[in-house]
Structures are given as C-alpha cells and as structure tokens.
Amino acid sequence: MKSLFEPAAVHAITDRIARLRPDSEPQWGKMNVAQMLAHCSAAIGMAEGHVTPPRILLGRLLGPLAKKSLIVKGEPMRRNSMTEKSVLVTDQRDFMVEQQRLRGSIDHFASGGPGICTKHPHFFFGPLTPVEWAVLMYQHLDHHLRQFGV
C-alpha cells in the first residue's frame, strides 16, 4: 500500500499536484481546484489532530467494511464519497496559495512520521494506526487528483 510515509509516494503525489492549473476542471463533485487543495490540507490536519470531528453513526455501522476495502485492500475511493463538514471548503480560495499550503502540509505530515498522527478516531473509519492514517491520506489525495485528471 502506498502511503505518505514513503518518499516515492510523496514525490509522485507532489508531482501530480504540480500539474494542476487554476482552470483545472473537476470530473465530478462540486469543489473547484483551489477548494479541493484547501480541503486536502484540512484533511491532513485531521490526520494530525488539528480537526477532531466526532464519529458518525453511518461510520460506526459501515466504517469497518469501508476501512478494509480502502485502507487494507487499497481500492480507490469512490466518486462523491462522504465529506466531513469540518473539512468541507465552499468559499473561494487562491489557487497558488492553496497549492503551496498543501505541499507544505504533505511535507509536514511525511517528515513527522508516525508520531504526528492523531490518536483521535476518524469520523467514519474509527481508530486508525499511524500507518493507516498515512495510507488514508495517500488514498484521499489520489482520489482528488483523479477528480481533476492528474
């Protein structure tokens, strides 16, 4: 499984982020490219414990199955997957600022290693190990980069 604790995976993700343009169009979803970049930074913040949303009922019921599919088996996230409200970005953002912020967020997470990960459970998947957080963050970034065709 690829994760943000692997330098080659980080390099591949940041190369894809560099290929985004301010006018990149989504293939699905409602966010524009700058909003997506801000959303991805906020999601990394969740993995680091800066945002700690409570567990949701649907996650308590389906989270273990989805966790196995996404994090253990490595199946890609589906289009229009559920988004936690605290990391949903709906206001207008500056593309260059958000692209740089996401690069910094990825570098901070990757260099922080397992100790940077929160012990707070994911709102949907529940408790995650640091390796699971790193895999999930890779999967999440991959999902949104595919959304924008890179």
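Structure: see above.
Computed from a predicted structure; not experimentally measured.

Caption draft 1: The arrangement of the overall build of the protein in detail. When helices and strands are tallied, the protein shows 5 helices and 0 strands. In the protein, the succession of α and β elements from N to C terminus is α-α-α-α-α. Taking 150 residues into account, the globule formula puts the C-alpha radius of gyration at 15 Å, and the protein, at 14 Å, falls close to it. In the form shown here, the protein has an accessible surface area of approximately 7,800 Å², with 57% of it arising from carbon and sulfur atoms. When the 18 positive and 13 negative side-chain charges of the protein are each reduced to one mean point, those points stand 8 Å apart.

Caption draft 2: Quick look at the state of the cysteines. Applying the stated criterion to the full structure yields 0 disulfides. Between Cys40, a free cysteine, and Cys117, which holds the nearest cysteine sulfur, the sulfur-to-sulfur gap is 16 Å. For Cys40, a relative accessible area of 1% puts it in the buried group. The class for Cys117 is buried, based on a relative accessible area of 9%.

Caption draft 3: Examining empty space enclosed by the protein more closely. Counting across every chain of the model gives 1 cavity of 30 Å³ or more. Here the largest cavity defines a volume of roughly 30 Å³.

Caption draft 4: Representation of a nonpolar patch on the surface in the model. Judged by side-chain polarity, Leu57, Leu58, Leu61, Leu62, Leu65 and Met82 come together as a nonpolar surface patch covering roughly 620 Å² of accessible area. Within the secondary structure, Leu65 is located in helix 3 (residues 57-72).

Caption draft 5: Local environment of helix 1 (residues 7-18). Look at helix 1: 16 Å from first C-alpha to last across 12 residues, which is about the 16 Å you get at 1.5 Å a residue. Regarding helix 1, the residues found buried are Ala9, Val10, Ile13, Thr14, Arg16 and Ile17. Buried residues along helix 1 cover an arc of 155 degrees about the axis, so they all sit on one side. In this structure, helix 1 carries Pro7 and Ala8 as exposed residues pointing more than 90 degrees from its buried face.

Caption draft 6: Just the packing of aromatic side chains, in detail. By the definition in use, this model includes 3 aromatic pairs. Ring centres 5.4 Å apart and planes at 90 degrees place the aromatic pair Phe124 and Phe125 in the edge-to-face group. With relative accessibility at 12%, the residue Phe124 sits in the buried group.

Caption draft 7: View of the layout of surface pockets. Reported here for the largest pocket is a volume of approximately 920 Å³. Taken together, 35 residues make up the lining of the largest pocket; nearest its centre are Met77, Asn80, Ser81, Met82 and Thr83. Here the residues of the lining of the largest pocket sort into 19 nonpolar, 12 polar and 4 charged.

Definitions and limits used
Residues numbered from 1 in each chain as written. Predicted model: local features only at pLDDT ≥ 70, side-chain atom pairs only at ≥ 80, totals over all residues. Heavy atoms only, no water. Helix = DSSP H or I, 4+ residues; strand = E, 2+ residues; numbered from the N terminus. Rg over C-alpha atoms; globule rule 2.2 N^0.38 Å. Areas by Shrake-Rupley, 256 points an atom, 1.4 Å probe, with all protein chains shown as cover. Lys, Arg positive; Asp, Glu negative; His and termini not counted. Charge placed at Lys NZ, Arg CZ, Asp CG, Glu CD. Disulfide = S-S within 2.5 Å. Buried < 20%, exposed > 50% of the residue type's maximum accessible area, 1.4 Å probe, protein only. 1 Å grid on protein atoms, 1.4 Å probe; cavity = no way out; pocket = protein on both sides within 12 Å on 5 of 7 lines; lining within 4 Å. Points joined across faces, edges and corners; volume = space filled by probe spheres on them. Patch = residues over 30% accessible without salt bridge, like charges linked within 9 Å, V, L, I, M, F, W, Y side chains within 5 Å. Salt bridge = Lys/Arg side-chain N within 4 Å of Asp/Glu carboxyl O. Expected span 1.5 Å × (residues − 1). Arc of directions from axis to C-beta. Phe/Tyr/Trp six-rings, centres within 6.5 Å; stacked < 30°, edge-to-face > 60°. Nonpolar A, V, L, I, M, F, W, Y, C, P; charged D, E, K, R; others polar.

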